[in-house]
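Results of the structural survey
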Amino acid sequence: MPHDISAVIQEHLQGLEANLKEYFPPINSNKEWIRNPFSINIETTFSDLNVESLIELSCDTALKDIYKERSLIDFWLSCRQEYPVVSEQAIKFLMPFVTTYKCEAGFSTLVFLKNKYRNRLEVEPDLRIKLTCFPVNLEFLVKNKQLHTSH
């Protein structure tokens with residue numbers, strides 16, 4: 001590969017790396033408990049957190065099962081009643097990632113819907129259908145429609 005092309009590719013990859021670090025800064029070791037509260041070293045990790053609550057949470061076997069079944073944000077949302085302080089700090093840390101992803105997905109969907117072949121003034125209904133997480137119940141929709149019989 002010629003040197004000038006290699007230099008351009010390397011510069012582009014370094015720019016991508018810088019942009020990714022801007023969107024996703026490195027996680028401090030003191031935030032590692034958010035990713036997995038069941039495999040941490042309590043003594044060396046925390047200073048300002050309610051350590052007793054985290055110790056109780058890490059010993060709760062029912063929550064460990066919930067942790068295995070759900071996504072990370074859903075797990076911390078389910079802990080809000082029993083462990084409000086720990087859960088609140090975890091949710092505050094995780095929310096920017098979820099909202100950034102949702103915004104990026106929305107813009108990508110909007111670009112897909114508003115192309116030169118499918119240009120509509122009112123894109124909200126299509127956008128809502130494309131971004132929803134609810135499954136479509138086709139049987140229910142078809143059942144409520146009247147059949148058109150041939151004459």
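As shown above, the structure is provided for reference.
Once a new chain begins, its residue numbering starts again from 1 and follows that chain's sequence as written. Since the coordinates come from a predicted model, pLDDT governs what is reported: local features require at least 70, and pairs of side-chain atoms require 80 or more to be given and counted, while whole-chain, interface and lining totals use all residues. To get the side-chain values, take all heavy atoms of the structure and skip hydrogens and water.

Segments assigned H or I by DSSP are reported as helices when at least four residues long, segments assigned E as strands when at least two residues long, and all are numbered from the N terminus. Each helix and strand in the protein chain was counted, giving nine helices and zero strands. Ordering the α and β elements of the protein chain from the N terminus gives α-α-α-α-α-α-α-α-α. Only heavy atoms enter the contact rule, under which two residues are in contact if any of them lie within 4.5 Å. Across the protein chain, every contact between residues at least 6 apart in sequence was considered, and the portion connecting residues at least 24 apart equals 36%. Shrake-Rupley sampling with a 1.4 Å probe provides the accessible areas, and residues are treated as covered by the protein chains on show and by no other component. On the protein chain, roughly 12600 Å² of surface is accessible, and the fraction owed to carbon and sulfur atoms is 57%.

Next up on the list: the side chain of Ser-87. Along the chain, Ser-87 falls in helix 7 (residues 84–113). Three labels apply to residues, based on accessible area from a 1.4 Å probe with only protein chains included: buried if under 20% of the type maximum, exposed if over 50%, partly exposed otherwise in between. You can call Ser-87 buried: its relative accessible area is 0%. One polar contact links the side chain of Ser-87 to the main-chain carbonyl oxygen of Trp-76, over a distance of 2.6 Å. Those residues in contact with Ser-87 that lie beyond four places of it in its chain are Trp-76, Cys-79 and Arg-80. Polar contacts, as counted here, are pairs of nitrogen or oxygen atoms within 3.5 Å of one another; within protein the pair requires one atom able to donate a hydrogen and one able to accept it, and residues that are adjacent in sequence qualify only if both atoms are side-chain atoms.

A separate point is a nonpolar patch on the surface. Residues enter a patch when their relative accessible area is above 30% and they make no salt bridge; the linking distance is 9 Å between like charges and 5 Å between nonpolar side chains (Val, Leu, Ile, Met, Phe, Trp, Tyr). What makes a salt bridge here is a side-chain nitrogen of Lys or Arg within 4 Å of a carboxyl oxygen of Asp or Glu, nothing more. A surface patch of nonpolar side chains, about 520 Å² in accessible area, is lined by Met-1, Ile-5, Ile-9, Leu-13 and Leu-16. Structurally, Ile-5 can be placed in helix 1 (residues 3–23). The exposure class assigned to Ile-5 is partly exposed, which follows from its relative accessible area of 43%.

A word on the nonpolar core. Within this scheme, the nonpolar core is defined by two criteria: the residues are buried Ala, Val, Leu, Ile, Met, Phe, Trp, Tyr or Cys, and they are joined through side-chain atoms within 4.5 Å. With 15 residues, the main nonpolar core has Trp-33, Ile-34, Leu-57, Leu-63, Phe-75, Trp-76 and Cys-79 as its most contacted residues. Within the residue set of this core, elements represented by two or more residues are helix 2 (32–35), helix 4 (51–59), helix 6 (72–78) and helix 7. Broken down by element, the residue count for this core peaks at four residues, all from helix 7. Residues within four places of Leu-57 in sequence aside, it is in contact with Pro-37, Phe-38, Leu-63, Phe-75, Trp-76, Cys-79 and Tyr-83.

Take the packing of aromatic side chains next. Pairing of aromatic side chains here covers Phe, Tyr and the six-membered ring of Trp, requires ring centres within 6.5 Å, and sorts the geometry by plane angle: under 30 degrees stacked, over 60 edge-to-face, intermediate tilted. This model, assessed by the stated rule, comprises five aromatic pairs. When the centroid spacing of 5.6 Å and the interplanar angle of 90° are considered together, the rings of Trp-33 and Trp-76 count as edge-to-face. A residue pair is termed long-range when its members are at least 10 positions apart, and Trp-33 in helix 2 and Trp-76 in helix 6 qualify at 43 residues. No difference in accessibility class separates Trp-33 from Trp-76, as the two residues are buried. Centroid distance Phe-75 to Trp-76: 5.1 Å. Interplanar angle 70°. Geometry classified as edge-to-face. In this structure, Phe-75 and Trp-76 share a single accessibility class: buried.

Looking now at the environment of Ile-66. Examined against the element boundaries, Ile-66 turns out to sit in helix 5 (residues 61–69). With 10 residues separating them along the chain, Ile-66 and Trp-76 place their C-alpha atoms 9.8 Å apart. Beyond its immediate chain neighbours, meaning those up to four positions away, Ile-66 contacts Phe-75 and Ser-78.

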